[in-house]
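Residue-level listing of the chains:
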Amino acid sequence: MNNLFTESFFIGESTLTIKKALIPAAGLGIHFLPATKSMPKEMLPIIDTPVIQYVVEEAIASGIEDIIIITGRGKRAIEDYFDDSPELEMHLAKKHNTQLLKLVQDVSSLVDIHYIRQKEPNGLGDAILRAENHIGDEPFAVLLGDDIIVNDKPCTAQLIENFKKYGKSTLAVEEVPYEKLSSYGIIKGKSLTDSLYVLEDIVEKPSPEDAPSNIGTIGRYVFTPEIFDCIKKAGIGVGNEIQLTDGIRILNRSQTIYACRFKGKRFDTGNRLGYVKSVIDFALENENLREDVLEYLRKILTPAKDFSEK
Ligand code: G1P
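So, how was this worked out
Residues numbered from 1 in each chain as written. Predicted model: local features only at pLDDT ≥ 70, side-chain atom pairs only at ≥ 80, totals over all residues. Heavy atoms only, no water. Helix = DSSP H or I, 4+ residues; strand = E, 2+ residues; numbered from the N terminus. Rg over C-alpha atoms; globule rule 2.2 N^0.38 Å. Contact = heavy atoms within 4.5 Å. Areas by Shrake-Rupley, 256 points an atom, 1.4 Å probe, with all protein chains shown as cover. Lys, Arg positive; Asp, Glu negative; His and termini not counted. Charge placed at Lys NZ, Arg CZ, Asp CG, Glu CD. 1 Å grid on protein atoms, 1.4 Å probe; cavity = no way out; pocket = protein on both sides within 12 Å on 5 of 7 lines; lining within 4 Å. Points joined across faces, edges and corners; volume = space filled by probe spheres on them. Nonpolar A, V, L, I, M, F, W, Y, C, P; charged D, E, K, R; others polar. Expected span 1.5 Å × (residues − 1). Buried < 20%, exposed > 50% of the residue type's maximum accessible area, 1.4 Å probe, protein only. Near = heavy atom within 4 Å. Polar contact = N/O pair within 3.5 Å; in protein donor to acceptor, adjacent residues only side chain to side chain. Sits in = over half its atoms within 2 Å of the grid points. Core = buried A, V, L, I, M, F, W, Y, C linked by side-chain atoms within 4.5 Å. Patch = residues over 30% accessible without salt bridge, like charges linked within 9 Å, V, L, I, M, F, W, Y side chains within 5 Å. Salt bridge = Lys/Arg side-chain N within 4 Å of Asp/Glu carboxyl O. Arc of directions from axis to C-beta.

Caption draft 1: Summary view of the overall build of the protein chain. Assigned secondary structure in the protein chain consists of 11 helices and 13 strands. Scaling as 2.2 N^0.38, a compact globule of 310 residues should have a C-alpha radius of gyration of about 19 Å, and the protein chain matches this with 21 Å. C-alpha extents for the protein chain along the principal axes are approximately 65 × 60 × 40 Å. Excluding contacts between residues fewer than 6 apart, the proportion of contacts in the protein chain whose partners are at least 24 apart in sequence is 77%. Accessible area of the protein chain: about 16600 Å², with a carbon and sulfur share of 51%. Charge-centre separation for the protein chain: the mean point of 37 positive side chains lies 3 Å from the mean point of 47 negative side chains.

Below you can see the structure in the form of structure tokens.
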């Protein structure tokens, strides 16, 4: 299994530990239709590993022990993926294919995962609310299923570190190109250091002209449990959905919230171009594929000789 987190990063005991993480995976995957008509977008493979596995691995490498995946109709493949697969395992054992057998067994023994279904796709805020009872009165992390973030110290661990320092909700942010501002939650922040802001405001998917900055939230958050009540107060927002961003905005009225420029490379696999880039990057990082892929890319990028010219 490819483990992206090479530095063994351990967050020690403290009263401010975060042990639970939510992975919302109930979205319809509109950008990948028709493929996502019958398969969850979170199961799209980056070569041989589904996107959601990288997200689960990041949570585990950040010290998370209890993962809740919010699913919806048509998402059973996610549950099957992280479950045992007796027939396949028996087949591989019979064929003495120990390497693949271990690979398959490793996936199902990663961590305890619980599943909660969101009955209607009512937005990210609503998906998070589904897990309120399971989370209870403790801080928790949220990892969106579309983003893969590669860094020795996982992005979620970086947010947890900030939470341990200040005891406040923390959002991962990065610069967003002008034409993409309307796809993100955009913050207004007061710089504390090069990489940390105190949140002053946040707007979900603003038009570029109205955006309060060019700094957007990506799919990693750490929240104090008060976020649940704030999402409930938020009501329906942009796109006729219950938006997490609106809940964050309300939470910010009563609690300080930090926004952290995370360290690492982010792959947004939730859109087609981002997905293609991820596959290329991961192929070039894979020692068994790199040379062949490079040779192929060189071949297709070198203009063919035009023999008609004299
Ligand atoms: C969601 C959030 C948005 C955030 C984005 C990051 O939007 O609503 O605030 O900036 O994820 O990827 P979505 O991509 O689900 O439309």
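Caption draft 2: Layout of the layout of surface pockets. Here the largest pocket defines a volume of roughly 1100 Å³. For the largest pocket, the lining is made up of 39 residues, of which Lys41, Leu124, Leu144, Asp146 and Lys205 are closest to its centre. Of all elements in the fold, only α5 (124–129), β11 (215–223) and β13 (265–268) reach the threshold of two or more residues within the lining of the largest pocket. Of all the elements, β11 adds the most residues to the lining of the largest pocket, at four residues. Looking at the lining of the largest pocket residue by residue, the classes come out as 13 nonpolar, 16 polar and 10 charged.

Caption draft 3: Examining helix α7 (residues 155–166) more closely. The end-to-end C-alpha distance of α7 is 17 Å, a good match for the 16 Å that 12 residues give at a rise of 1.5 Å each. When we look at burial in α7, the residues that qualify are Cys155, Thr156, Ala157, Gln158, Leu159, Ile160, Asn162 and Phe163. Following α7 by one or two positions, Gly167 adopts a phi angle in the positive range, close to 70°.

Caption draft 4: View of the site of the ligand. In the vicinity of the ligand, the residues found are Leu124, Leu144, Tyr184, Gly185, Glu204, Lys205, Thr217, Ile218, Tyr221, Gln243, Thr245 and Arg266. Here an oxygen atom of the ligand and a side-chain polar atom of Glu204 are 2.6 Å apart. Here Thr217 contributes a backbone N or O atom positioned 2.6 Å from an oxygen atom of the ligand. Against a free-state accessible area of 380 Å², the protein chains account for coverage of 74% of the ligand. Placement of the ligand is best described as lying within the largest pocket. Take the shell around the ligand: its biggest share by element is three residues, from β11. Of the residues belonging to the shell around the ligand, the class tally is five nonpolar, four polar and three charged.

Caption draft 5: Seen up close, the nonpolar core. Grouped together as the largest cluster of nonpolar side chains are 35 residues, with contacts concentrated most on Ile23, Ile52, Ile64, Ile67 and Ile69. Counting only elements with at least two residues in this core, the list comes to β1 (20–24), α1 (51–61), β4 (66–71), β6 (140–143), α7, β11 and β12 (258–261). Ile128, Phe140, Ile202 and Tyr221 belong to the second-largest nonpolar core, a separate cluster that totals 31 residues.

Caption draft 6: Geometry of the side chain of Thr49. Locating Thr49 in the fold gives a position in strand β3 (residues 49–50). In this structure Thr49 comes out as buried when scored by relative accessible area, which is 8%. For Thr49, the side chain forms a polar contact with the side chain of Asp48, separated by 2.9 Å.

Caption draft 7: Inspection of a nonpolar patch on the surface at higher detail. Taken together, the side chains of Leu28, Ile30 and Leu33 make up a nonpolar region of the molecular surface, amounting to roughly 310 Å² of accessible area. Structurally, the position occupied by Ile30 is in the loop between β1 and β2 (45–46). According to the relative accessible area criterion, Ile30 is exposed, its value standing at 55%.

Caption draft 8: Structural context of unusual backbone geometry. That bond from Leu33 to Pro34 is cis: its omega, 10°, falls within 30 degrees of zero. Relative to the helices and strands, Pro34 is located in the loop between β1 and β2. Of note, the phi angle at Ile47 is positive, near 65°, even though the residue is not glycine. The topology assignment puts Ile47 in the loop between β2 and β3. By relative accessible area, Ile47 is classed as partly exposed at 36%. Even without a glycine there, the phi angle at Asn240 is positive, about 65°. Its place among the elements puts Asn240 in the loop between α8 (227–234) and α9 (244–254).

Caption draft 9: Summary view of helix α10 (residues 272–285). Spanning 14 residues, α10 covers 20 Å between terminal C-alpha atoms, matching the ideal 20 Å at 1.5 Å per step. For α10, the complete set of buried residues consists of Gly274, Tyr275, Ser278, Phe282 and Ala283. Down the axis of α10, the smallest arc covering the buried residues is 165°, so these residues share one side. Residues of α10 that are exposed and point more than 90 degrees away from the buried face comprise Arg272 and Leu273. Buried residues along α10 sit against β2, α1, β7 (147–150), β13 and α11 (290–301). A side-chain oxygen of the first residue of α10 lies 3.2 Å from the backbone nitrogen of Leu273; this N-cap is Asn271.

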